[in-house]
Amino acid sequence: MSDNLKPFEWTESLTLGVSSMDQQHHQLVDLINKLVDELNKGEPSNIKKQFDTLCQFVVKHFSDEENLMQSEGFPGIETHKVIHKQLLEKVGTFASSIENGNLDKNGLMSFLTMWLKSHIMGIDKKYSEHINGKKGAA
Ligand SMILES: [Fe+2]
Ligand SMILES: [Fe+2]
């Protein structure tokens, strides 16, 4: 089908150089691509299942990331937490639209793209620079 959604490709610019988080971001891309696959297949119960799996992972990832920022003394942690909270709220609205059967697939895809590109490359990058800068200074 020509209007199939395309999976995301990992690019090196997503690598932060913080291995535990890089690993989780890889898993995140995998889970998003599984969701893309289910969206293309179009079976509502499988879409919902895969979306729930993604949500659970995201909650865990955000909390692991926040714990890391905390233990590394990253000064931007509070702002980053607010951004995570907003992302989770947005995820919640997609969850309810899946529930109600009125999911905007393209809206979801642009949200996920923004997340991977702007959040990881822009926002997550900041704590990695802090952590890697400390390593360099040590
Ligand atoms: Fe992240
Ligand atoms: Fe983050």
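Here is what the cut-offs are and how they apply
- Residues numbered from 1 in each chain as written.
- Chains lettered and ligands numbered in written order.
- Predicted model: local features only at pLDDT ≥ 70, side-chain atom pairs only at ≥ 80, totals over all residues.
- Heavy atoms only, no water.
- 1 Å grid on protein atoms, 1.4 Å probe; cavity = no way out; pocket = protein on both sides within 12 Å on 5 of 7 lines; lining within 4 Å.
- Points joined across faces, edges and corners; volume = space filled by probe spheres on them.
- Helix = DSSP H or I, 4+ residues; strand = E, 2+ residues; numbered from the N terminus.
- Nonpolar A, V, L, I, M, F, W, Y, C, P; charged D, E, K, R; others polar.
- Donors = N, O, S within 2.8 Å, 3.2 Å for Na, K, Ca; no water.
- Buried < 20%, exposed > 50% of the residue type's maximum accessible area, 1.4 Å probe, protein only.
- Axes fitted to C-alpha atoms, helices over the stretch in contact; angles between N-to-C directions.
- Parallel < 35°, antiparallel > 145°, perpendicular 65-115°, else oblique.
- Contact = heavy atoms within 4.5 Å.
- Tetrahedral: all angles 85-135°; square planar, octahedral: opposite > 155°, others 65-115°.
- Lys, Arg positive; Asp, Glu negative; His and termini not counted.
- Salt bridge = Lys/Arg side-chain N within 4 Å of Asp/Glu carboxyl O.
- Polar contact = N/O pair within 3.5 Å; in protein donor to acceptor, adjacent residues only side chain to side chain.

Peer 1: What should I look at first to understand the layout of surface pockets in this one?
Peer 2: Empty space left among the atoms is revealed by rolling a probe the size of a water molecule over them. By volume, the largest pocket amounts to about 150 Å³. Contributing to the lining of the largest pocket are L39, P44, S45, I47, K48, S97, I98, G101, N102, L103 and K105. Going through the elements one at a time, α2 (44–71) and α3 (77–99) are the ones with two or more residues in the lining of the largest pocket. Looking at the lining of the largest pocket element by element, the count peaks at four residues for α2. Residue composition of the lining of the largest pocket, by class: five nonpolar, four polar and two charged.

Peer 1: I keep staring at the coordination of the iron ion (ligand 2) and nothing clicks. Help me out?
Peer 2: Each pair of donors in an ideal octahedron of six around a metal sits at 90 or 180 degrees, and each pair in an ideal tetrahedron of four sits at 109.5 degrees. Surrounding the iron ion (ligand 2) are the protein donor atoms E65 (OE), H80 (NE2), H84 (NE2), H119 (NE2) and D124 (OD), which sit 2.0 to 2.3 Å from the metal. Along the chain, the residues that donate to the iron ion (ligand 2) are spaced as E-x14-H-x3-H-x34-H-x4-D. In this structure the iron ion (ligand 1) is found 3.5 Å away from the iron ion (ligand 2), and E65 serves as a bridging donor for the pair. Separated by 35 residues along the polypeptide, H84 in helix α3 and H119 in helix α4 (residues 105–137) bring together distant segments of the chain. Overall, H84 belongs to the buried group, its relative accessible area being 1%.

Peer 1: Explain the packing of α2 against α3 here, please?
Peer 2: Packed helix pairs are characterised by how far apart their axes lie and by the angle those axes make with each other. α3 packs onto α2 with a crossing angle of 170 degrees between their chain directions and a minimal axis gap of 11 Å. Comparing their axes, α3 and α2 come out roughly antiparallel. Of α3, the residues touching α2 (which contributes I47, K48, F51, C55, V58, V59, F62, E65, E66, M69 and Q70) are I77, H80, K81, H84, L87, L88, V91, F94, A95, I98 and E99. A class-by-class count of the residues in the contact of α2 with α3 yields 14 nonpolar, three polar and five charged.

Peer 1: How do you make sense of the coordination of the iron ion (ligand 1) when you look at a structure like this?
Peer 2: H25 (NE2), H61 (NE2), E65 (OE) and D124 (OD) make up the full set of protein donors to the iron ion (ligand 1), lying at 2.1 to 2.2 Å. Considering all four donor atoms around the iron ion (ligand 1), the spread of angles at the metal, 84 to 170 degrees, places the coordination shape in the irregular class. Read N to C, the donor residues that coordinate the iron ion (ligand 1) are spaced as H-x35-H-x3-E-x58-D.

Peer 1: It is not clear to me how empty space enclosed by the protein should be interpreted in this structure. Could you clarify?
Peer 2: For the structure shown, the criterion picks out one cavity of 30 Å³ or more. Put simply, the largest cavity is a space of about 40 Å³. Along the walls of the largest cavity sit F51, L54, C55, V91, F94, L108, F111, L112 and W115, which together make up its complete lining. Contributing elements (two or more residues each) for the lining of the largest cavity: α2, α3 and α4. Of the residues forming the lining of the largest cavity, the biggest block, four residues, is contributed by α4.

Peer 1: Could you clarify how one ought to interpret the side chain of E65 in this entry?
Peer 2: Within the secondary structure, E65 sits in helix α2. Although buried, E65 forms no salt bridge, and the nearest oppositely charged side chain, K60, lies 12 Å from it. At 3.3 Å, the side chain of E65 forms a polar contact with the side chain of H80. A distance of 2.9 Å separates the side chain of E65 from the side chain of H84, its partner in a polar contact.

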